[in-house]
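Listed here are the chains, written in short residue letters.
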Amino acid sequence: MLTSPLVLAVGGAYLALLFVIAFVTDRLAAAGRVNALFTPVVYTLSLAVYCTSWTFFGAVGTAVRSGLEFVTIYIGPTLVLMAWWLFLPKLVRVAKAQRITSIADFLSARYGKSRPVAVIVTLIAIASITPYIALQLLAITRSFTALVGEGEATADTGFWVAVAMIFFVCLFGTRRLNADESQPGIVAAIAFESVVKLGALLAISVFAFLLVRGGPAEGGAFADWREALHAVGTMPDERGVRWVVLTTLSAIAIICLPRQFQVTVIENRDESHLGVAAWLFPLYLFLITLGVLPIAVAGLTHLPPGNEPDLFVLTVPLAEGAHALAVVAFIGGLSAATSMVIVASLALAVMISNHLVAPELAERPSRDATGLTAAVLFTRRVAIVLILALAYLYSRASGAENGLASIGLIAFAGVAQFAPALFGGLFWRNANRIGATIGLLAGAAVWVVTLLLPSFGFAEGVAAVLRTTVLPPRMAAGPEAVDPLVFGVLLSLTLNTVLYVLGSLLTRGAAIDQLQATLFVDALHRGGPEPTLRRSVNRRDLFRLTQRILGPERAHAMFAGDGGGNELVDSAFLAHVEREIGYALGAASAHTMVTRVATGEPISVDAAISLLRETQDAIEAARQLGVRSVELERTASELRTANATLTELLLEKDDFLSRVSHEMRTPLTAIRAFAELLRDGPDDADRAARFIEIIFTESERLTRLLDDILDLSRLEAGIAPIDTRRIDAAEIARQSAAAMEGFAERNRVELRIDAPGPVWVHADADRLKQVLVNLISNAVKFHGSVPHVRITAGAEEGHAVLRVRDHGGGVAESLRPRLFTKFGGTWSGGNSRSGAGLGLAISRQIMVRLGGDLKLEHTGRDGSVFAALLPLDRSAA
């Protein structure tokens, strides 16, 4: 046995490492440097939150008790991922479009944004998942006791893990109100834990395999490893129905478990990640499955009878004196348990705050400057504390009577009640809130009576009476009796599905039901703006509601700073505001709150229904055209785009040639005129010298124009010489300002430089100076009434930013779209000082060649700000 302080220290250090990973990832995300971290592999590893302590410890126990039954828990998700293209892209796309925050929010949004549906789903999830969380705490407590022995286990491990998880989830999961936003810190920690638990299980499995090859030890339950392998590697014939039921439950659970919906849908950043997860996650599950059998066989052949099978992962290495490996097993189990606790408690907290508490808070007056934000976030933290407290109390009360797998299967059966409404809602247009509500209520009631309450020792008689009423006598009791789990699952899901279908067929949903049905069922085929119900509300009332819920800052941003006025907002804007509120509080709560201030005509919704029907007919007609029509339309669209681009290029070419001709004709005309005067012979030498000076000046002007055109052409072609090296951009800014001091003084303009530096970049110093000199020259020319130009250099978000600000009249709005094109870089309205207009085009091409950009950051009556950006060079100086 190991000492209690040692195990606690190792476990505490591991949990501290999770905090560090989450903290660092969140900091990187805030700096915009985390996107490269979230790859399809990380997304797949986050899905492995599915593998809890039930997987790590309980799978071995199930193999010992029931043979290969344990693989059903992995076959179901594998089948779902193999068929991912049937529904997962639609699920993710709908969730993003509808601002979905949880599975309760998804179902309520589908069924007319119904709050009753959201409340029912939330309550079922709480009842299902709280014991499941308790399972994790129970597994940690049992594994700690197995490591240190009953006498040493003085610390309540489950309690302290619960406390640590409360702190972790509150710290990293409840900092922002928008529950649909990704939680990068939590995702990174979960992905790391998935690697740890897989590595730990495989390490124990390899150890067990080598142990089995060495032969059985005296006192084992089996004297031969072949006999033990046969015991854990077979499935009794009479368990065929149970096999199918468990496979179905696990297939449903990979989507319907609140934590799985969170990581699969809410945390999905790119639909393409689903394709990678479709093969990588089944591979992960296969490796987990592969590791179970050697451990089960080793436990049966090397441990005396009476050892708890759920703890073979720990007791096998302990019995052989491999204490370090036993600690690895403990850390693996801790990873499996804590990852589930983190995501499940966060998902439940969001559902509780959005659907049980937030609508009630909205009814009360609030003077909080941030609207409901602080109250809702506080509610989520309280919900997390309560959930984990209940789970801890359940884990203490349940003790060691039930196997880990039995608790998990009851949770699976509970969330399986979401399946008819969820999958039916994605594909069946006529499904409505009445069918979903009665189906959920009936299925949940049967589940509570037949499975949940009996697991607590209650209502066992009621469940038995129900079995004898529904089943033939021989199947209700005796040797041929149906398994209670199979009976409860089949009866609850059958009743749920039948009532869902009948309720939807016999009733007609409201207009909002039909609208949402169209948006969900046709999610992958819809194009253009979404249809909305005809509703009206004056701008002031809608602004007040938004300000009250989201706070003044976000409300002003949504209403472009103007929330006053009694004019009516259109239905599209009203739907946009509702979706933004749904970001924070869920679709059902948002719809309820907006409906209270919006008015709609009961008869006018027929127009919305008509629009939906027309949309549906159009979609069906488009589908009948087939793949060829889609390809032809795509080709036609590409041709139209190409033609428009070509036309635009031709216009730009004509404009370019016209301007070049004009710019060249002016100096040539002057040169020719004064040359003719010289040929005729001027009256005096002074006039002749002046004519020659003018000819020389105009020749230089013509030469500069030709040089600019050639330089721009070489830059566009990518053949202009660029000599990049590590330079200080701040020093270049100072040099550029110094070079323009004389020009600025002649124009009575003061150059103010703010470039403390150093700001290291990898660039061509001469080219960068060319850009800055051009920007400073323009700023001096168009300085306006304020006689100074400001040049700044600094580092912002991984880039060097060099800004030049003038105080002129700004760039005309009509010129802004082509400001950086050929001869588009003058905004002086034809002023002779504007030059050829190639300066900004050349400068933009230079910055692009240097790997940066040149943009107009601000322009207006108070002047313009041009910014040149380059990536920072972070190599050692």
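Anything mentioned here points back to the structure above.
## With respect to the overall build of the protein chain
Consideration 1: When helices and strands are tallied, the protein chain shows 34 helices and nine strands.
Consideration 2: Looking at the protein chain as a whole, 52% of its 877 residues are labelled buried.
Consideration 3: Intrachain contacts of the protein chain at a sequence separation of at least 6 include 81% that bridge at least 24 residues.

## Here's the deal with helix 33 (residues 765–781)
Consideration 1: Taking 1.5 Å of rise per residue, 17 residues should cover 24 Å, and helix 33 covers 24 Å from first to last C-alpha, within 8% of that figure.
Consideration 2: Burial in helix 33 covers these residues: Arg767, Leu768, Val771, Leu772, Asn774, Leu775, Ile776, Ser777, Asn778, Ala779 and Val780.
Consideration 3: Where helix 33 starts, the residue carrying a side-chain oxygen 3.0 Å from the main-chain nitrogen of Asp766 turns out to be Asp764.

## Some words on the sheet that holds strand 6 (residues 788–796)
Consideration 1: Spatial strand order, 4-6-7-9-8: five strands in an open sheet with mixed pairing. Two strands bound the open sheet, and with one partner strand each, they are strand 4 (750–754) and strand 8 (853–860). Pairs of neighbouring strands in the sheet enclose a mean axial angle of 15°, with direction left out of account.
Consideration 2: With respect to the sheet, helix 33 is in contact with strand 4, strand 6, strand 7 (799–805), strand 8 and strand 9 (863–871), its orientation differing from that of strand 7 by roughly 25°.
Consideration 3: Packed onto the sheet, helix 34 (residues 839–849) meets strand 8 and strand 9 and runs at close to 135° relative to strand 8.

## Re the side chain of Gln136
Consideration 1: On the secondary structure map, Gln136 appears in helix 7 (residues 115–148).
Consideration 2: Other than its neighbours up to four places away in sequence, Gln136 contacts Thr52, Ser53, Ala336, Ala337, Met340 and Val341.

## Considering unusual backbone geometry
Consideration 1: With phi around 50°, Lys113 is a residue other than glycine that occupies positive phi space.
Consideration 2: Looking at where Lys113 falls in the secondary structure, it is placed in the loop between helix 6 (103–110) and helix 7.

## Brief notes about the packing of helix 1 (residues 4–30) against helix 9 (residues 184–213)
Consideration 1: Following both chains from N to C, one finds helix 1 and helix 9 inclined at 140°, their axes separated by 7 Å at the closest point. With respect to their mutual orientation, helix 1 and helix 9 come out oblique. Handedness of the helix 1/helix 9 crossing: right-handed. Contacts between helix 1 and helix 9 pair Tyr14, Leu17, Leu18, Ile21, Ala22, Thr25, Asp26 and Ala29 from the former with Pro184, Gly185, Ala188, Ala189, Phe192, Glu193 and Val196 from the latter.
Consideration 2: Of the residues assigned to the contact of helix 1 with helix 9, the class counts are eleven nonpolar, two polar and two charged.

## A look at the nonpolar core
Consideration 1: Membership of the largest hydrophobic core comes to 177 residues, with the highest contact counts inside it found for Phe106, Ile133 and Phe418.
Consideration 2: Here this core takes 20 residues from helix 15 (residues 323–362), the largest share from any one element.
Consideration 3: The residues contacting Ile133, other than those within four sequence positions of it, are Met340, Val341, Ala344, Ser345, Leu348, Ile387, Leu388 and Ala391.

Thresholds, definitions, all that
Residues numbered from 1 in each chain as written. Predicted model: local features only at pLDDT ≥ 70, side-chain atom pairs only at ≥ 80, totals over all residues. Heavy atoms only, no water. Helix = DSSP H or I, 4+ residues; strand = E, 2+ residues; numbered from the N terminus. Buried < 20%, exposed > 50% of the residue type's maximum accessible area, 1.4 Å probe, protein only. Contact = heavy atoms within 4.5 Å. Expected span 1.5 Å × (residues − 1). Polar contact = N/O pair within 3.5 Å; in protein donor to acceptor, adjacent residues only side chain to side chain. Pairing = 2+ DSSP bridges. Axes fitted to C-alpha atoms, helices over the stretch in contact; angles between N-to-C directions. Parallel < 35°, antiparallel > 145°, perpendicular 65-115°, else oblique. Left-handed = near helix turned anticlockwise from the far one by under 90°. Nonpolar A, V, L, I, M, F, W, Y, C, P; charged D, E, K, R; others polar. Core = buried A, V, L, I, M, F, W, Y, C linked by side-chain atoms within 4.5 Å.

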